Amino acid sequence: MSKFPDLKNPIHFIATLGGIGKIPIAPGTWGSIFGFLVFIYISHYVDMLIVVILSIPFSIWICEKASINLIEKDHKSIVIDELVGIWVALAPALYLSTQSSRTLYVVLALIFFRLFDILKPFPISYFDKNYKNGLGIVLDDLIAGVMAIFPAMALIYLIF
């Protein structure tokens, strides 16, 4: 592909979250922060559990289409996978009982998600290295999101 991402291409536009993935420094972190803010905003209006579940196959499809002609399949500009991963990590906040516990939880979940996504401990590293398609691009972030839940929830239970 001669130019990636081409923001005139709707698939590239969505995969990069409207061009956020083109930010030269830490595009994954910016994509995660964007996902964090969108989650907090729209969770006041819709059932986020349904949105998270539906966004997973959609993001896999988008990543597959966006990366089809790329040598580096998990291109740093593709950040829709970070959005879905952080949404998975944030989902338990919907079920916490107090505003203070929800607020602390979402901050901790964002921090742990980014740590796991950047450091890629096992099993994240396994899927990151061995699955080079739309599913693989998203799966390592989904696993990072699930893994972020455990330390964030543990700290919430210790504090509250």
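In this report, we go over the structure that sits alongside the text. (Residues numbered from 1 in each chain as written. Predicted model: local features only at pLDDT ≥ 70, side-chain atom pairs only at ≥ 80, totals over all residues. Heavy atoms only, no water.)

## Examining the layout of surface pockets
Each pocket or cavity is described by its volume, and for the largest pocket that value is around 250 Å³. If you go around the largest pocket, the residues you meet are Phe39, Ile40, Ser43, His44, Ala93, Leu94, Gln99, Arg102, Thr103 and Val106. Put simply, the parts of the chain that give the lining of the largest pocket at least two residues each are α2 (27-42) and α5 (99-119). Ranked by the residues each element gives to the lining of the largest pocket, the list is headed by α5, at 4 residues. What the second largest pocket holds in volume is close to 180 Å³. In terms of lining, the second largest pocket is formed by 16 residues, of which the most central are Gly28, Lys76, Glu82, Arg114 and Asp117. Only α2, α4 (80-90), α5 and α7 (134-159) provide two or more residues apiece to the lining of the second largest pocket. With 3 residues, α2 is the largest single contributor of residues to the lining of the second largest pocket. For the lining of the second largest pocket, the residue count by class is 4 nonpolar, 3 polar and 9 charged. (1 Å grid on protein atoms, 1.4 Å probe; cavity = no way out; pocket = protein on both sides within 12 Å on 5 of 7 lines; lining within 4 Å. Points joined across faces, edges and corners; volume = space filled by probe spheres on them. Helix = DSSP H or I, 4+ residues; strand = E, 2+ residues; numbered from the N terminus. Nonpolar A, V, L, I, M, F, W, Y, C, P; charged D, E, K, R; others polar.)

## Brief notes about the packing of aromatic side chains
Using the criterion set out here, one finds 7 aromatic pairs in the structure. For the ring pair Phe58 and Trp61, a centre distance of 6.4 Å and an interplane angle of 35° mean the geometry is tilted. You can see Phe58 and its partner Trp61 sitting in helix α3 (residues 48-67), 3 residues apart, about one turn around the helix. Taking relative accessible area as the criterion, Phe58 reaches 38% and is therefore assigned partly exposed. (Phe/Tyr/Trp six-rings, centres within 6.5 Å; stacked < 30°, edge-to-face > 60°. Buried < 20%, exposed > 50% of the residue type's maximum accessible area, 1.4 Å probe, protein only.)

## Describing a nonpolar patch on the surface
Side chains of Leu7, Phe13, Ile14, Phe58 and Trp61 sit close together on the surface and give an oily, nonpolar patch of about 440 Å² of accessible area. By relative accessible area, which is 44% here, Trp61 ends up partly exposed. (Patch = residues over 30% accessible without salt bridge, like charges linked within 9 Å, V, L, I, M, F, W, Y side chains within 5 Å. Areas by Shrake-Rupley, 256 points an atom, 1.4 Å probe, with all protein chains shown as cover. Salt bridge = Lys/Arg side-chain N within 4 Å of Asp/Glu carboxyl O.)

## A closer look at the packing of α2 against α5
Contact geometry of α2 with α5 gives a least axis separation of 11 Å together with a crossing angle of 155°. Here α2 is positioned roughly antiparallel relative to α5, judged by the angle of their axes. The way α2 lies across α5 gives a crossing that is right-handed. Contacts between α2 and α5 involve Gly28, Thr29, Ser32 and Phe36 on the former and, on the latter, Val106, Val107, Leu110, Phe113 and Arg114. By residue class, the composition of the contact of α2 with α5 is 5 nonpolar, 3 polar and 1 charged. (Axes fitted to C-alpha atoms, helices over the stretch in contact; angles between N-to-C directions. Parallel < 35°, antiparallel > 145°, perpendicular 65-115°, else oblique. Left-handed = near helix turned anticlockwise from the far one by under 90°. Contact = heavy atoms within 4.5 Å.)

## Focus: α7
Each α-helix turn comprises 3.6 residues. Residues three or four places apart therefore point the same way. Its 26 residues place the ends of α7 38 Å apart at the C-alpha level, agreeing with the 38 Å of an ideal helix rising 1.5 Å per residue. Regarding α7, its N-cap is Asn133, as a side-chain oxygen of that residue lies 3.2 Å from the backbone nitrogen of Leu135 further along. (Expected span 1.5 Å × (residues − 1). Polar contact = N/O pair within 3.5 Å; in protein donor to acceptor, adjacent residues only side chain to side chain.)

## Brief notes about the environment of Leu37
Tracing the chain through its elements places Leu37 in helix α2. Here Leu37 falls in the exposed class, since its relative accessible area comes to 51%. For the pair formed by Leu37 and Leu83, sequence separation is 46 residues and the distance between their alpha carbons is 9.9 Å.

## Examining the pattern of salt bridges
Scanning the entire structure with this criterion turns up 3 salt bridges. A salt bridge links Asp117 to Lys120; the nearest nitrogen and oxygen atoms lie 3.2 Å apart. A relative accessible area of 5% places Asp117 in the buried class. Note on Lys120: relative accessible area 21%, which makes it partly exposed. In this structure, the salt-bridge partner of Lys120 is Asp140, at a minimum N-O distance of 3.2 Å.

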